[in-house]
Amino acid sequence: MRERLPEAPPTTGDLPAEPLSHSLKQRHLTMLGLGGVIGAGLFVGSGAGIGIAGPAIICSYLLAGVLAMLVMRALGEMSAAMPASGSFSVYAERALGRWAGFSAGWLYWFLLVVVLAVEATGAAKIASGWVPAVDQWIWVLLFMVVFTVSNLAAVKNFGEFEFWFAALKVGAIVLFLVLGTLAIFGVLPDTDPVGMANLTGHGGFFPEGFGGVVAGMLAVIFAFGGLEVVTIAAAESDDPARSVSRAVRSAVWRILFFYVGSMVVIVTLLPWDSLEPGQSPYVAVLDSIGIPAAGQIMNIVVFVALLSALNANLYGSSRMVFSLAERGEAPKGLLKVSGGGVPRRAVFASVAFGFVSVVLNLLWPDTIFLYMLNAVGAVLLFVWALIAVSQLKLRRRIERDMPERLTLPMWLFPYATWAALAGMAAVLVLMLFDDSARPQLLWSTGAALLVLLVAFVRERRSPKS
């Protein structure tokens, strides 16, 4: 007999009502979706991709962006039908079994709390440059305390923090695109139209061939991670199903526009081989068009981007471990919820490991912490693969048992989902043959296998009825 989903209210699917707050507004989710993936990886790290692929980095971002859009659409379909604070971990459990939900949830939690350390340390380095008298570790401590307090307060406060953080980042990119476009056409003072010289010169549009496009894609694909937090936060909105639909629809297209648009401006205005390694291409462009103090302006934007990501990752990790506890996959003591609907013990558990990660990053960035960072390097792709497989299985159940909740259907189902899985498989194979990416893939695979082993042992010892 085929499994059927029981009748339930349209906003919760077959999942129990969340005991968390429901005070996030649509504007919070929309900006969380936009700001969650706009970070230092774009403002600074994109320079590495340009150095690898040249002007063809535009194609690299397009390919990576299309893959991310397909995954988010698949996740959005499930989230709109069955909003849950555990998001893809819950859907993986429903589609594939306890082992999948356990693995997806804990791997993603580990990813967030390790990356959290990178963000806290990066923000502290910038702050130390502004105020050298204050040691870097003091800044780290300050940031961790501030955002722990923010996450312990009402979820609406978190939403407001992220709204304004994301608004600044989005505003910075929009302003950059406007100024860059005006400079391309020679409208700004002391600028002349640049034409196509930088796109076709210096080795052509594909200076490193298609191999450069592929290598560039490996360098930039992980910059699209972070959109998943929108579907986690949607469970705490006033109208989860409708809110997540709107947020996913708007975020994926705008993110692709911001990323690809930025790359078009950069490689059109500047010769791709003129960018210095480690320098932000955004700073280079602003300097070239005569914007005063461009370096400090971008430092402020990157600083805000890092703090925003730290805040969002602490939120996402606490909700994920709370959801795991709800399903018996984490200690039940983490289920304690404040009067305002905040899972405070889950927040403390996430920030505690975050503090450990930060200390490891400060003391041993090239040894212990490097191993941890490598261990989460490819985790995002593993999680994305579980999302796609879960959607393949749950789509038929949703169509059969609750078709009215299919408000954000996956494009060209099932072909687009299979295409996304094929794309992820191709990226993993490419990582295996790339000297710089191979350690991340191997360490991440080891971490995933360890989590899977624990999941299967738990399932054998305490199977659910």
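Residues numbered from 1 in each chain as written. Predicted model: local features only at pLDDT ≥ 70, side-chain atom pairs only at ≥ 80, totals over all residues. Heavy atoms only, no water.

Peer 1: So what's going on with the overall build of the protein chain? Which residues, and what values?
Peer 2: Within the protein chain one finds 19 helices and 0 strands. In terms of overall dimensions, the protein chain is globule-like: its C-alpha atoms have a radius of gyration of 22 Å, near the 23 Å expected for 465 residues. Based on the C-alpha atoms only, the size of the protein chain along its principal axes is roughly 70 × 55 × 40 Å. Looking at the 465 residues of the protein chain, the share that counts as buried comes to 57%. About 18500 Å² of surface is accessible on the protein chain, with carbon and sulfur atoms providing 68% of the total. (Helix = DSSP H or I, 4+ residues; strand = E, 2+ residues; numbered from the N terminus. Rg over C-alpha atoms; globule rule 2.2 N^0.38 Å. Buried < 20%, exposed > 50% of the residue type's maximum accessible area, 1.4 Å probe, protein only. Areas by Shrake-Rupley, 256 points an atom, 1.4 Å probe, with all protein chains shown as cover.)

Peer 1: Could you give an account of the packing of aromatic side chains, naming the residues involved and the relevant values?
Peer 2: Applying the stated criterion across every chain yields a total of 22 aromatic pairs. When the centroid spacing of 6.2 Å and the interplanar angle of 50° are considered together, the rings of phenylalanine 147 and phenylalanine 165 count as tilted. Of this pair, phenylalanine 147 sits in helix 7 (residues 136–152) while phenylalanine 165 is found in helix 8 (residues 155–184), placing the two residues 18 residues apart along the sequence. Ring-pair connections join several aromatic residues into one group, and the members of that group are Phe102, Trp106, Trp109, Phe110 and Phe353. Stacked on the ring of phenylalanine 163, the Lys or Arg arginine 27 has its end atom at 4.7 Å from the ring centre. (Phe/Tyr/Trp six-rings, centres within 6.5 Å; stacked < 30°, edge-to-face > 60°. Lys NZ or Arg CZ within 6 Å of the ring centre and 35° of its normal.)

Peer 1: Could you give an account of the packing of helix 7 against helix 14 (residues 294–326), with specific residues and numbers?
Peer 2: Describing two packed helices takes the angle between their axes plus the distance from one axis to the other. The geometry of helix 7 relative to helix 14 is characterised by a closest axis approach of 10 Å and an angle of 50° between their N-to-C directions. One finds that helix 7 runs oblique with respect to helix 14. Considering how the two elements wind past one another, helix 7 and helix 14 form a crossing that is right-handed. Mapping the contact onto sequence places Phe143, Met144, Phe147, Thr148, Ser150 and Asn151 in helix 7 and Phe303, Leu307, Leu310, Asn311, Leu314 and Tyr315 in helix 14. Here the residues of the contact of helix 7 with helix 14 are counted per class, giving 8 nonpolar, 4 polar and no charged. (Axes fitted to C-alpha atoms, helices over the stretch in contact; angles between N-to-C directions. Parallel < 35°, antiparallel > 145°, perpendicular 65-115°, else oblique. Left-handed = near helix turned anticlockwise from the far one by under 90°. Contact = heavy atoms within 4.5 Å. Nonpolar A, V, L, I, M, F, W, Y, C, P; charged D, E, K, R; others polar.)

Peer 1: So what's going on with helix 19 (residues 438–461)? Which residues, and what values?
Peer 2: Because an α-helix completes one turn every 3.6 residues, residues spaced three or four positions apart along the sequence face the same direction. Here helix 19 contains 24 residues, and its C-alpha end-to-end distance of 35 Å stays within 8% of the 34 Å for a straight helix at 1.5 Å per residue. All buried positions along helix 19 are accounted for by Leu441, Ser444, Ala447, Ala448, Val451 and Ala455. Contact partners of the buried residues in helix 19: helix 6 (98–130), helix 16 (368–375), helix 17 (379–401) and helix 18 (415–432). (Expected span 1.5 Å × (residues − 1).)

Peer 1: Any chance you could break down the side chain of serine 245 for me, citing the residues and the numbers?
Peer 2: Tracing the chain through its elements places serine 245 in helix 12 (residues 240–269). Its relative accessible area of 5% is what places serine 245 among the buried residues.

Peer 1: Requested: an account of the nonpolar core, with residues and values cited.
Peer 2: Ranked by internal contacts, the top residues of the largest apolar core, which has 165 residues, are Tyr259 and Trp384. At 19 residues, the largest contribution of residues to this core is made by helix 6. Non-local contacts of tyrosine 259, meaning those with residues more than four positions away in its chain, are made with Val37, Ile38, Leu42, Tyr61, Ala223 and Phe224. (Core = buried A, V, L, I, M, F, W, Y, C linked by side-chain atoms within 4.5 Å.)

Peer 1: Talk me through the confidence of the model for the protein chain; I want residue IDs and the actual numbers.
Peer 2: Per-residue confidence for the protein chain gives a mean pLDDT of 85, with 94% of residues at or over 70. Every residue in residues 1–13 scores below 50 in pLDDT, and together they form 28 contacts with partners more than four places removed in sequence or on other chains. (pLDDT = per-residue confidence, 0-100.)

Peer 1: Please give an account of helix 18 that cites residues and values.
Peer 2: Taking 1.5 Å of rise per residue, 18 residues should cover 26 Å, and helix 18 covers 26 Å from first to last C-alpha, within 8% of that figure. Within helix 18, burial applies to Ala416, Thr417, Ala420, Leu421, Met424, Val427 and Met431. One side of helix 18 carries all its buried residues, which in axial view fall inside an arc of 145°. Residues of helix 18 that are exposed and point over 90 degrees away from its buried face: Tyr415 and Trp418. On its buried face, helix 18 is in contact with helix 4 (57–81), helix 10 (209–220), helix 17 and helix 19. (Arc of directions from axis to C-beta.)

Peer 1: Could you give me a rundown of the environment of proline 281, with the residues and numbers involved?
Peer 2: If you trace the backbone, proline 281 turns up in helix 13 (residues 281–288). In sequence terms proline 281 and alanine 56 are 225 residues apart; their C-alpha atoms lie 15 Å from each other. Sequence-distant contacts of proline 281, that is, excluding residues within four places in its chain, are made with Phe43, Val44, Ser46, Gly47, Ile50, Ile266 and Leu275.

Peer 1: Lay out the pattern of salt bridges with the relevant residues and their values.
Peer 2: For the coordinates displayed, the defined rule picks out 10 salt bridges. Salt-bridge contacts for glutamate 160 lead to arginine 27; the nearest nitrogen and oxygen are separated by 2.3 Å. Taken as a pair, glutamate 160 in helix 8 and arginine 27 in helix 1 (residues 26–35) lie far apart in primary sequence, 133 residues in all. What makes arginine 27 partly exposed here is its relative accessible area of 36%. Between glutamate 93 and arginine 327 there is a salt bridge, with the nearest N and O atoms lying 3.0 Å from each other. With glutamate 93 in helix 5 (residues 88–96) and arginine 327 in the loop between helix 14 and helix 15 (344–363), this residue pair connects regions lying 234 residues apart in the sequence. The same class applies to glutamate 93 as to arginine 327, namely buried. Salt bridges sharing common partners tie together Glu77, Arg395, Arg396 and Glu399. (Salt bridge = Lys/Arg side-chain N within 4 Å of Asp/Glu carboxyl O.)

Peer 1: Got a sec to walk through a nonpolar patch on the surface? Specific residues and values, please.
Peer 2: The grouping of Trp137, Ile138, Leu141, Val145, Val149, Val359, Leu362, Leu363, Trp364 and Ile368 at the surface amounts to a nonpolar patch, some 880 Å² of accessible area in total. If you list the elements that add at least two residues to the nonpolar patch, you get helix 7 and helix 15. With 5 residues, helix 7 is the largest single contributor of residues to the nonpolar patch. Tracing the backbone through its elements, the reader meets isoleucine 368 in helix 16. (Patch = residues over 30% accessible without salt bridge, like charges linked within 9 Å, V, L, I, M, F, W, Y side chains within 5 Å.)

Peer 1: I'd like a description of unusual backbone geometry, backed by residues and values.
Peer 2: Here the amide bond leading from phenylalanine 413 into proline 414 is cis, since omega sits at 0°, within 30 degrees of zero. Relative to the helices and strands, proline 414 is located in the loop between helix 17 and helix 18. For serine 87, which is not a glycine, the phi torsion comes out positive at approximately 45°. Examined against the element boundaries, serine 87 turns out to sit in the loop between helix 4 and helix 5. Phi is positive for leucine 412, close to 45°, though the residue is something other than glycine. Positionally, leucine 412 belongs in the loop between helix 17 and helix 18. By relative accessible area, leucine 412 is classed as exposed at 66%.

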